[in-house]
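Residues per chain are reported as follows:
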Amino acid sequence: MVAKTEKSAVDLLKSPGMTSLFKSLKLKTKQQELLIRVTILFLVYVLAFITRLFSVLRYESMIHEFDPYFNYRVTQFLTQKGFYEFWNWFDSESWYPLGRIVGGTLFPGLMVTAYLIYRTLQFLRFAIHIREVCVLTAPFFASNTTLVAYFFGKELWDSGAGLVAAVLIAICPGYISRSVAGSYDNEGVAIFALLLTFYLFVKAVNTGSLAFALASAFGYFYMVSAWGGYVFIINLIPLYVMVLLITGRYSMRLYVAYNCTYILGMLLAMQIRFVGFQHVQSGEHMAAMGVFFLMQVFYFLDWVKHLLNDPKLFHTFLRITVTCAVGLGAIALGVGTASGYISPWTGRFYSLLDPTYAKDHIPIIASVSEHQPTAWSSFMFDFHILLFLFPAGLYFCFKRLSDATIFIVMYGLTSMYFAGVMVRLILVATPAVCLISAIAVSATIKNLTQLVRAKSKASHSASGKGTISKASSKGSLDQSLPFQRNGAIALLLGAFFLLSRYAIHCTWVTSEAYSSPSIVLAARGAHGNRVIFDDYREAYFWLRQNTPPDAKVMSWWDYGYQITAMGNRTVIVDNNTWNNTHIATVGRAMSSYEDEAYDIMRSLDVDYVLVVFGGVTGYSSDDINKFLWMVRIGGGVFPVIKEPDYLVNGEYRVDKGAAPKMLNCLMYKLSYYRFGEVTTEYGKPPGSQILYLLGMGLSPASTSAYISMVVVKLIFIKNQIWTKS
Amino acid sequence: MGRTTTSKDAQALFHSLRSAYVATPANLKIIDLYIIFAVVTAVIQVVYMAIVGSFPFNSFLSGVLSCVGTAVLAVCLRIQVNKENREFKDLPPERAFADFVLCNLVLHLVIMNFLG
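A quick note: this is a predicted structure, and the numbers were derived from the prediction, not measured.

### Re the overall build of chain A
Here comes step 1: When its secondary structure is counted, chain A shows 34 helices and nine strands.
Here comes step 2: Counting all 725 residues of chain A, 53% fall into the buried class.
Here comes step 3: Looking at chain A as shown, the accessible area adds up to about 32,200 Å², and 64% of this sits on carbon and sulfur atoms.

### So, the nonpolar core
Here comes step 1: Counting 226 residues, the largest nonpolar core has Phe152, Phe198, Tyr258, Met295, Phe383, Leu386 and Tyr411 of chain A as its most contacted members.
Here comes step 2: Among the elements that take part in this core, helix H24 (residues 426–463) of chain A stands out by supplying 17 residues, more than any other.
Here comes step 3: Not counting chain neighbours up to four residues away, the residues in contact with Leu386 of chain A comprise Leu168, Cys172, Val433, Cys434, Ser437 and Tyr502 of chain A.
Here comes step 4: Formed by 10 residues, the second largest nonpolar core is a distinct cluster that contains Val304, Leu307 and Phe317 of chain A together with Leu17 of chain B.

### A look at unusual backbone geometry
Here comes step 1: Of the consecutive residues Tyr96 of chain A and Pro97 of chain A, the connecting peptide bond is found in the cis state with omega at 0 degrees.
Here comes step 2: Cis geometry marks the peptide bond from Phe55 of chain B to Pro56 of chain B, where omega comes out at -10 degrees.
Here comes step 3: Tracing the backbone shows Pro56 of chain B in the loop between helix H2 (26–52) and helix H3 (57–81).
Here comes step 4: In this model, Glu65 of chain A sits at a positive phi of 55 degrees, which is unusual for a non-glycine residue.
Here comes step 5: If you trace the backbone, Glu65 of chain A turns up in the loop between helix H4 (54–58) and helix H5 (67–81).
Here comes step 6: One non-glycine residue, Thr577 of chain A, lies in the positive phi region at around 45 degrees.
Here comes step 7: Looking at the secondary structure, you find Thr577 of chain A in the loop between strand S6 (570–571) and helix H29 (580–591).

### A closer look at the packing of helix H21 (residues 376–383) of chain A against helix H26 (residues 484–512) of chain A
All names here are of chain A.
Here comes step 1: Contact pair H21 / H26: the axes reach a minimum separation of 8 Å and the direction vectors enclose 110 degrees. Between H21 and H26, the angle falls in the class roughly perpendicular. Residues Met380, Phe381 and Phe383 of H21 touch H26, and the partners they reach there are Tyr502, His505, Trp508 and Val509.
Here comes step 2: In the contact of H21 with H26, the residues fall into six nonpolar, one polar and no charged.

### Here we look at the side chain of Ser225 of chain A
Here comes step 1: Relative to the helices and strands, Ser225 of chain A resides in helix H12 (residues 210–226).
Here comes step 2: Apart from residues no more than four positions distant in its own chain, Ser225 of chain A is found in contact with Phe107, Pro108, Gly109 and Ile272 of chain A.

### Re helix H11 (residues 186–207) of chain A
Here comes step 1: Compared with an ideal rise of 1.5 Å per residue, which puts 22 residues at 32 Å, H11 of chain A spans 31 Å between its outermost C-alpha atoms and is within 8% of the ideal.
Here comes step 2: For H11 of chain A, the buried fraction is high: 19 of the 22 residues fall into the buried class.

### Topic: the pattern of salt bridges
Here comes step 1: Tallied over the entire structure, the rule returns 18 salt bridges over all chains.
Here comes step 2: The shortest N-O distance in the salt bridge between Arg253 of chain A and Glu87 of chain B comes to 3.9 Å. Here Arg253 of chain A, found in helix H14 (residues 252–269), pairs with Glu87 of chain B, found in the loop between H3 and helix H4 (93–115), and the two come from separate chains.
Here comes step 3: By relative accessible area, Arg253 of chain A is classed as buried at 17%.
Here comes step 4: The closest approach of N and O atoms between Arg78 of chain B and Asp32 of chain B, which form a salt bridge, is 2.6 Å. Of this pair, Arg78 of chain B sits in helix H3 while Asp32 of chain B is found in helix H2, placing the two residues 46 residues apart along the sequence.
Here comes step 5: When salt bridges that share partners are traced, they join Arg178, Asp185, Glu187 and Arg424 of chain A into one network.

### So, the interface of chain A and chain B
Here comes step 1: Each partner contributes residues to the interface: chain A has 37 residues there, and chain B has 36 residues.
Here comes step 2: Summing both partners gives a buried area of about 3,100 Å² for chain A against chain B, and 78% of it is carried by carbon and sulfur.
Here comes step 3: Taken as a group, Leu210, Leu267 and Leu307 of chain A account for 19% of the area that chain A buries against chain B, more than any other trio of residues on that side.
Here comes step 4: The interface formed by chain A and chain B holds one salt bridge in total.
Here comes step 5: On the surface where chain A and chain B come into contact, there are three residue pairs in polar contact (both at pLDDT 80 or more).

### A short note on the packing of H14 of chain A against H3 of chain B
Here comes step 1: The contact between H14 of chain A and H3 of chain B brings their axes to 10 Å, and the two run at 160 degrees. Classified by the interaxial angle, the pair formed by H14 of chain A and H3 of chain B is roughly antiparallel. Considering the relative orientation of H14 of chain A and H3 of chain B, their crossing is left-handed. Of the residues in H3 of chain B, those touching H14 of chain A at Met252, Tyr255, Val256, Asn259, Cys260, Ile263, Met266 and Leu267 of chain A are Leu65, Val68, Gly69, Val72, Leu73, Val75, Cys76, Ile79 and Gln80 of chain B.
Here comes step 2: A breakdown of the residues in the contact of H14 of chain A with H3 of chain B according to their chemical character gives 14 nonpolar, three polar and no charged.

### Here's the deal with the environment of Phe70 of chain A
Residue and element names in this part refer to chain A.
Here comes step 1: Tracing the sequence through the fold places Phe70 in helix H5.
Here comes step 2: With 468 residues separating them along the chain, Phe70 and Glu538 place their C-alpha atoms 18 Å apart.
Here comes step 3: In this structure Phe70 touches Arg100, Val102, Leu106 and Tyr561, once residues within four positions along its chain are discounted.

### Some points on the pairing of strand S4 (residues 530–533) of chain A
Residues and elements named next belong to chain A.
Here comes step 1: When strand S3 (residues 521–524) meets S4, the two strands line up antiparallel, connected through four bridges. Bridge pairing links Arg524 to Arg530 in S4.
Here comes step 2: The loop that links S3 with its antiparallel partner S4 comprises five residues; one of these, Gly528, has a positive phi angle of about 85 degrees.

### Some words on the confidence of the model for chain A
All names here are of chain A.
Here comes step 1: On average, residues of chain A score 82 in pLDDT, and 84% of them are at 70 or above.
Here comes step 2: This stretch, residues 1–9, has a pLDDT under 50; its non-local contacts, to residues over four places away or in other chains, come to seven contacts.
Here comes step 3: Considering only residues more than four positions removed or in separate chains, one finds that residues 460–478, a stretch of pLDDT under 50, has seven contacts.

### Quick word on the environment of Val64 of chain B
Residue and element names in this part refer to chain B.
Here comes step 1: By the element assignment, Val64 lies in helix H3.
Here comes step 2: Along the backbone, Val64 and Pro92 are 28 residues apart, and their C-alpha atoms lie at a distance of 31 Å.
Here comes step 3: Every residue in contact with Val64, bar those within four places of it in the chain, is listed here: Gln45 and Val46.

### A closer look at the side chain of Asp574 of chain A
Residue and element names in this part refer to chain A.
Here comes step 1: Here Asp574 shows up in the loop between S6 and H29.
Here comes step 2: Of the side chains with opposite charge, Arg100 lies nearest to the buried Asp574, which makes no salt bridge, at 4.8 Å.
Here comes step 3: Apart from the residues within four sequence positions on either side, Asp574 is in contact with Ser94, Trp95, Trp557, Gly560 and Tyr561.

### Some remarks on the packing of aromatic side chains
Pairs of aromatic rings are described using the distance from one ring centre to the other and the angle between the two planes.
Residue and element names in this part refer to chain A.
Here comes step 1: Within the structure shown, the criterion is met by 45 aromatic pairs over all chains.
Here comes step 2: Taken together, a centroid distance of 6.3 Å and an interplanar angle of 70 degrees make the contact between Tyr220 and Tyr230 edge-to-face. On the criterion of sequence distance, the pair formed by Tyr220 in helix H12 and Tyr230 in helix H13 (residues 230–246) is long-range, its members being 10 residues apart.
Here comes step 3: Relative to Trp303, the ring of Phe300 has its centre 6.2 Å away and its plane inclined at 40 degrees; by these criteria the two rings are tilted. Residue Phe300 and its partner Trp303 are located together in helix H16 (residues 286–308), separated by three residues, close to a single helical turn.
Here comes step 4: Judged by its relative accessible area of 23%, Trp303 is partly exposed.
Here comes step 5: Grouped by ring-pair contacts, the aromatic residues Tyr150, Phe151, Phe152, Phe198, Tyr199, Phe201, Phe232, Tyr240, Phe407, Tyr411, Tyr417 and Phe418 constitute a single cluster.
Here comes step 6: Sitting over the face of the ring of Tyr175, Arg52 holds its NZ or CZ atom 5.0 Å from the ring centroid.

### Let's talk about the environment of Ile30 of chain B
Here comes step 1: In this structure, Ile30 of chain B sits in helix H2.
Here comes step 2: Along the chain, Ile30 of chain B and Leu115 of chain B lie 85 residues apart, while their C-alpha atoms are 29 Å from each other.

### Considerations on a nonpolar patch on the surface
Here comes step 1: Where nonpolar side chains cluster on the molecular surface, the patch consists of Val39, Val43, Val47, Tyr48, Ile51 and Val52 of chain B and spans about 600 Å² of accessible area.
Here comes step 2: As for its position among the elements, Val47 of chain B is in helix H2.

About the criteria used
- Residues numbered from 1 in each chain as written.
- Chains lettered and ligands numbered in written order.
- Predicted model: local features only at pLDDT ≥ 70, side-chain atom pairs only at ≥ 80, totals over all residues.
- Heavy atoms only, no water.
- Helix = DSSP H or I, 4+ residues; strand = E, 2+ residues; numbered from the N terminus.
- Buried < 20%, exposed > 50% of the residue type's maximum accessible area, 1.4 Å probe, protein only.
- Areas by Shrake-Rupley, 256 points an atom, 1.4 Å probe, with all protein chains shown as cover.
- Core = buried A, V, L, I, M, F, W, Y, C linked by side-chain atoms within 4.5 Å.
- Contact = heavy atoms within 4.5 Å.
- Axes fitted to C-alpha atoms, helices over the stretch in contact; angles between N-to-C directions.
- Parallel < 35°, antiparallel > 145°, perpendicular 65-115°, else oblique.
- Nonpolar A, V, L, I, M, F, W, Y, C, P; charged D, E, K, R; others polar.
- Expected span 1.5 Å × (residues − 1).
- Salt bridge = Lys/Arg side-chain N within 4 Å of Asp/Glu carboxyl O.
- Buried area = accessible area lost by both parts, 1.4 Å probe.
- Polar contact = N/O pair within 3.5 Å; in protein donor to acceptor, adjacent residues only side chain to side chain.
- Left-handed = near helix turned anticlockwise from the far one by under 90°.
- Pairing = 2+ DSSP bridges.
- pLDDT = per-residue confidence, 0-100.
- Lys, Arg positive; Asp, Glu negative; His and termini not counted.
- Phe/Tyr/Trp six-rings, centres within 6.5 Å; stacked < 30°, edge-to-face > 60°.
- Lys NZ or Arg CZ within 6 Å of the ring centre and 35° of its normal.
- Patch = residues over 30% accessible without salt bridge, like charges linked within 9 Å, V, L, I, M, F, W, Y side chains within 5 Å.

Structure representation (structure tokens):
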């Protein structure tokens, strides 16, 4: 079957030009096929890299968003000071006055990877800046992911499915969204590590080789060092082993693969300080340990059964052992959980199982926009045709059930469930969806081309000796349906049309939606010309150049990383959000009256307050928009802040009719400070539009403020006494 | 009545197990001895921890996990070397042993880093 399909794939490409090329190179069929495969993989590798470069070409090579700035700052520190300093770094420039133990609270994989690439390039005498390495790390690893997807597809089904999987994952928007050039974040490297770990584990289960299990443990170590989502691996693999055990597919290969991976993987994972002892203490990791013990029981029973050769005796033994094992396990689990030694599931992961948990109990998790449940439009946007190819692929997997296809089905189903719970997790589902869809595409196209070639094949074998009765009977079967060949050709054309639409859609999505640096904004000016708003960076550099080096800046936690990375000043709270009370203090300061806020800011040694305001340009994700979250988070810790105080009849208003507490709180005063003097539109008097909307007087505050011309940012010196209006 | 049948069953079980085990080849018995040694060492460490307390936890974990890890790897070696396992018929025992040594090397290097 395999040889026939190989031949058909090559036959299709055998136009006169190609035939002469191959003949001139004197290649046999197998070598021709190898050349085609290598060429396709090379083109896919380059494609995956190139399609992520839109923002570099349109704007410049810079780091996007918020979290990547922290990673960039850490990488800079690592290249300047070396690994030992980095591993033991205590950062006093963030979370003033608490500081942050950076070495022990981050996932070092991404930074160390970029550092190693940087060192390698320097060794090869490429004088490249660390920023370029950071910007291009994610596309580089996306290309590597396509290679891993090829090998994984080959392991699951055949090399054709592998090639299709590589192509699909190279341009799939679900993956591109977090791995575009400039998005220097953990996921860019983590998805590569995830797929590599899964591939090596499935390979270990298929071959029973200790070497592959060891490699899978190293892949798992890399994943643990890169991203907190490693919890998915350490739960999916035991779940997969359980399913195999339940469906009666226990085998020695499974024992070898799982045990080696688990023990070595767990040990390696505990070397990362942030993870620490969680593998033996946290409830999220207990499934793996439970399955480990279950495997020992299974192996022991299997071995005794093999020794005894007597069913009756074995049944007695089985009864005793199983009751003992289950009893012991239940007691251990119960004692561990009840005594609190085994910690329960943390809020971050518990909210995946119970999506309503975060909204009621942990407002910080609920406030992040990436943590909202996914809409159908997001699925369509990120997956396009893969969305209906996914069930088709599941059908093919069920038709040819093996240890490998059971794994990919489980990976696909669990990741799709989690993708439905949280938008951010579409990223984790993308490799599974691409692989399963690739199986569907490859199997369908293979069947169709066989139908197309079958008639001529049957005629060949009939004209020959007709010794293969199967082929001749198949030929006669085909000839009974005269339009089968035409139908197959039509379906093939339809399939190619769908795939080309997919490629167009993916490129369009990448270009329009996922390539914006979000720190630089673009818009159309009054005459249709493109206007670039670089206000964020201008404001940070103003901070860097015009404030004393030990100044402390208070802002909402969104901007913390960027202020420390680009402004090089100490901040009160940043995106790490590890201390809810500290953030609630800032939220309380932002939502209190000016004198109360002044006292709070004095106690925190704040010199500057940074506020993002988008009233001039119509920038909608500014601090006024996020204000209710500040109120909720502040109110969660300090009951003096009550959300209904800021609403009018349950409605959030910022104009003249806003609630009095809203009109007088610090955030509002800072946002609309001297806004009346700003020209919003051509030809109208300054501030007129806003005065029309607001109709209120603005409180005069202190002197020397920086207002950028397009008013995205306002920064104030705060050490003057506030005057009351 | 019930007790005598179960004790008889247990005796019969024990005898048949023993006679079957005597028939296993010598190299597998050596591996089994190594596994028993590793597990006993782990049990001794756990008992010691129960008496003395678990500080520093990383040292305790690395000690126990090195014993458990090497036992598990020895079981994997036993599986791969056992001539009666049809799945591993094509695997030369030298390759199985080389994998075993490599995995143990990695295991103990990580343990040495983790001991603290």
